[in-house]
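# Architecture at a glance
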Amino acid sequence: MHGAVNVVAGAVDLLVPTQPGAKHDLSVLASLDPRQASQEHASVLFADNGGEGGAGGAGDGAGAVTWETQRVGGHNWASLFRVHGVTAIGHLVTDTEGLDCALLLAFPFWKLRPKLITFEHCHCDGPNSQRSARRPVYERTVAVLRAHGYAQLDPYENGPAGLFDPHGLDVHFALADES
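Residues numbered from 1 in each chain as written. Predicted model: local features only at pLDDT ≥ 70, side-chain atom pairs only at ≥ 80, totals over all residues. Heavy atoms only, no water.

On a plain count of helices and strands, the protein chain comes out with four helices and seven strands. Listing every helix and strand of the protein chain by position from the N terminus yields β-β-α-β-α-β-α-β-α-β-β. A total of 179 residues make up the protein chain; the buried ones form 42% of that total. Counting only contacts in the protein chain whose residues sit at least 6 apart along the sequence, the fraction spanning at least 24 positions is 66%. For the protein chain, the exposed area adds up to about 9300 Å²; of that, 53% sits on carbon and sulfur atoms. (Helix = DSSP H or I, 4+ residues; strand = E, 2+ residues; numbered from the N terminus. Buried < 20%, exposed > 50% of the residue type's maximum accessible area, 1.4 Å probe, protein only. Contact = heavy atoms within 4.5 Å. Areas by Shrake-Rupley, 256 points an atom, 1.4 Å probe, with all protein chains shown as cover.)

Shown next, in the form of structure tokens:
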């Protein structure tokens, strides 16, 4: 891992799942949120990978998932935009295993206004929180997006091509007025 996006800039501890015998690169499921580093969460993450070991397995005979801490450089939005010369965003996509809502709440909408925003909502209020009746962080994020002129899209009806998410983990918001 080379770095991570965070609410604040600076070195961070990234929790990276590993699993003996895994068929897939599990580092794509790394998170800065310690609530994500659990066997319960790993079970849900890897349940559809057909493995038999440990936490649902990422592949044939794979062992239990463990979480390794890696110290990496962290960028907030300002440093990320500066380092990479970002001056406009067409489609902002986040899938940060637990920090999506926090990152969107910290996004500098006064500076950049992505035309489309897609984010994974299922961990905004803790691991697999989409099952919770009350989701204050997610609800606040939706309110902030609406206040900045975004409307939630129904990917089944009016979403741009390719937004369909068979697992229902992502939500999509489009900028309603581009003034």
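Still more to cover.
Here we take up the side chain of Ser31. Examined against the element boundaries, Ser31 turns out to sit in the loop between β2 (12-18) and α1 (39-46). At a separation of 2.5 Å, a polar atom in the side chain of Ser31 contacts the main-chain carbonyl oxygen of Glu97. Among residues more than four places away in sequence, those in contact with Ser31 are Asp13, Leu14, Leu15, Gln36, Thr96 and Glu97. (Polar contact = N/O pair within 3.5 Å; in protein donor to acceptor, adjacent residues only side chain to side chain.)

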